[in-house]
Amino acid sequence: MKSFLLVLAFVPVICFSHSLPTDGLWKGYIVQDLDGNERNEKRQDFIVVKENSIVLFQFRELLSMKTGEILIKTNVDTLPLQATQQESVYSLSHNGRSLELRFINEQECKIFHPAFVLTFKKIQNLQKSKHSIEEYENFLIDNTLVEIDHPTNEILGRLSYTYLKNGKATYKELDSKSSWQSDYRVVEFEGYVFLKGITSAPIILQDIDKHILHGMEVDYRYDPAEIALCELDVLPKEGGSKPVTNKPFEITINQRPHQECLSELSADQLAAEMDIAKGITEKQIPVDQVQHSYECNWMFFHEKKFDGFAKATVKSLLEMDSSLCEIIAIPCGYYAERRSKDEDWYVYLHEERMETDSSYIIKKAFMWNNTYRVINEHKSKDVVYYEDYSLDKRILRKTWTYLNGKEAGITRIYDESGMLRKEIQHER
């Protein structure tokens, strides 16, 4: 019995003699169930391996029940490792559960939970930060940055980022006047400095080179990629590369005689059926709103009381109103409006969507009430943020939040100059 106890006492010492890969930062990748099937879960967690423990660092996004906003939070846990008799396998406990840490090789390890498996991979060619967190904050705050291809200075992507002192970042599309704000954090962990925003993947900051911030973007879906953020006002105004959108937000249509337009339509186009508001076909109400959806389906509306849809062919529709012929050519995904039958059409993207780590950003415009709307729809929570601007001047008019289908947080209403006029506090 004494010899058996002596063997147990020496087991941890023998096991910890295995060389642990204690250098570098490991990034969370996929989540799998015990059968190896990948689960659709976003991960923004990192670990550093110590001699007898691992330190777990996580970004979390929490909903503020007071304001309805999503805030970035961080969490750090130290998890002691206990040796096993199996090479490169250790046990650890987390939140009362016994887990297993297994090093597959020097570049990959896995944590086995009772119901799923977490994979971590070491971030290659990653060095600890050359600057302090205060130096990075001094560079970021009150500065507007864009992602560039270094050293050509060609602008990549479609957004600029302005970092404010209050922990908010303003995101603006470079080819339009629309913008929105969200939370951001600069955090130091084990010698690595992270920049994290709601609408972007974490960036591990590496260096500051005059007007350029160098880092490594660590999106949970892809391998880490080097990134360079440059101060917008130092880029050349002319001759430089400009961001290009897949679709322009606003388009114009050629004004020409209706008969010329009609002559270009084929027999198949004239015979195609469309969804048309009943008032148009039954009461001869003029069409003033047309939607050509992303699925390339058509719908024709009018601004008066809506009374459901009916089916009608293009030919029958044009016989009622030949001025509609010119919008038959607008691309899929666009919306057309006019104030009256005698005025020109205003054609714009019905919904322009941008996908971020945590949200869908949707842009809509409504000429009939001079509104330009930006919608931030969170993926993992039933929460949607709205911002309304005046369409002609792009001045903020209203912000509000929907949580689980109901208004939550604070609704803010602004006057025509953009000054706050009224706040409405909703129940949680």
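Nothing here was measured: the structure is a model prediction, and the numbers come from that model. (Residues numbered from 1 in each chain as written. Predicted model: local features only at pLDDT ≥ 70, side-chain atom pairs only at ≥ 80, totals over all residues. Heavy atoms only, no water.)

Visitor: Quick one: what's the story with the packing of aromatic side chains, residue by residue and with numbers?
Guide: For the structure on display, the rule yields 14 aromatic pairs. Here Phe-46 and Phe-194 contribute two aromatic rings whose centre-to-centre distance is 4.9 Å and whose plane-to-plane angle is 50 degrees, an arrangement assigned as tilted. With Phe-46 in strand E3 (residues 45–49) and Phe-194 in strand E15 (residues 192–197), the pair connects residues that are 148 residues apart, well separated along the chain. The pair Phe-46 / Phe-194 is uniform in exposure class, with both members buried. Considering the side-chain rings of Phe-57 and Phe-189, the 4.8 Å spacing of their centres and the 15 degrees angle between planes classify their relative orientation as stacked. Residue Phe-57 is found in strand E4 (residues 53–63), and its partner Phe-189 is found in strand E14 (residues 179–189); the two are separated by 132 residues along the sequence. (Phe/Tyr/Trp six-rings, centres within 6.5 Å; stacked < 30°, edge-to-face > 60°. Helix = DSSP H or I, 4+ residues; strand = E, 2+ residues; numbered from the N terminus. Buried < 20%, exposed > 50% of the residue type's maximum accessible area, 1.4 Å probe, protein only.)

Visitor: Can you break down the environment of Gly-191 residue by residue, with the values?
Guide: Tracing the backbone shows Gly-191 in the loop between E14 and E15. Residue class for Gly-191 comes out partly exposed when judged on its relative accessible area of 24%. Taking the C-alpha atoms as reference points, Gly-191 and His-131, separated by 60 residues in sequence, lie 9.6 Å from one another. If we skip the residues at most four places from it in the chain, Gly-191 touches Lys-128 and Ser-129. (Contact = heavy atoms within 4.5 Å.)

Visitor: Please set out the pattern of salt bridges residue by residue, giving values where relevant.
Guide: Summed over all chains, the structure comprises 11 salt bridges. The salt bridge partner of Asp-45 is Arg-43, with a shortest N-O separation of 2.8 Å. Across the pair Arg-102 and Glu-100 runs a salt bridge whose closest N-O atoms are separated by 2.5 Å. In this structure Arg-102 comes out as partly exposed when scored by relative accessible area, which is 29%. (Salt bridge = Lys/Arg side-chain N within 4 Å of Asp/Glu carboxyl O.)

Visitor: Let's hear about the sheet that holds strand E19 (residues 250–251): which residues, and what values?
Guide: Strand order in the open sheet made by the 7 strands is E19-E25-E24-E21-E22-E20-E23, with mixed pairing throughout. Two strands close off the open sheet at either side, each with one partner strand: E19 and strand E23 (309–313). In the sheet, strand E21 (residues 289–292) pairs with strand E24 (residues 334–337) via 4 bridges, with the strands oriented antiparallel. Paired with His-292 across the strands is Tyr-334, a residue of E24. (Pairing = 2+ DSSP bridges.)

Visitor: Residues and numbers for the sheet that holds strand E11 (residues 143–149), please.
Guide: If you walk around this closed barrel you meet the 8 strands as E11-E12-E13-E14-E15-E16-E17-E18, and the pairing is antiparallel. Each strand axis lies, on average, 35 degrees off the axis of its neighbour in the sheet, ignoring direction. With 6 bridges connecting them, E11 and strand E12 (residues 154–163) associate as antiparallel partners. Bridge pairing in E12 places Ile-148 opposite Ile-155. Together, E11, E12, E14, E15, strand E16 (203–209), strand E17 (212–217) and strand E18 (225–231) form the strand contacts of helix H2 (residues 133–140), whose direction differs from that of E16 by roughly 80 degrees. (Axes fitted to C-alpha atoms, helices over the stretch in contact; angles between N-to-C directions.)

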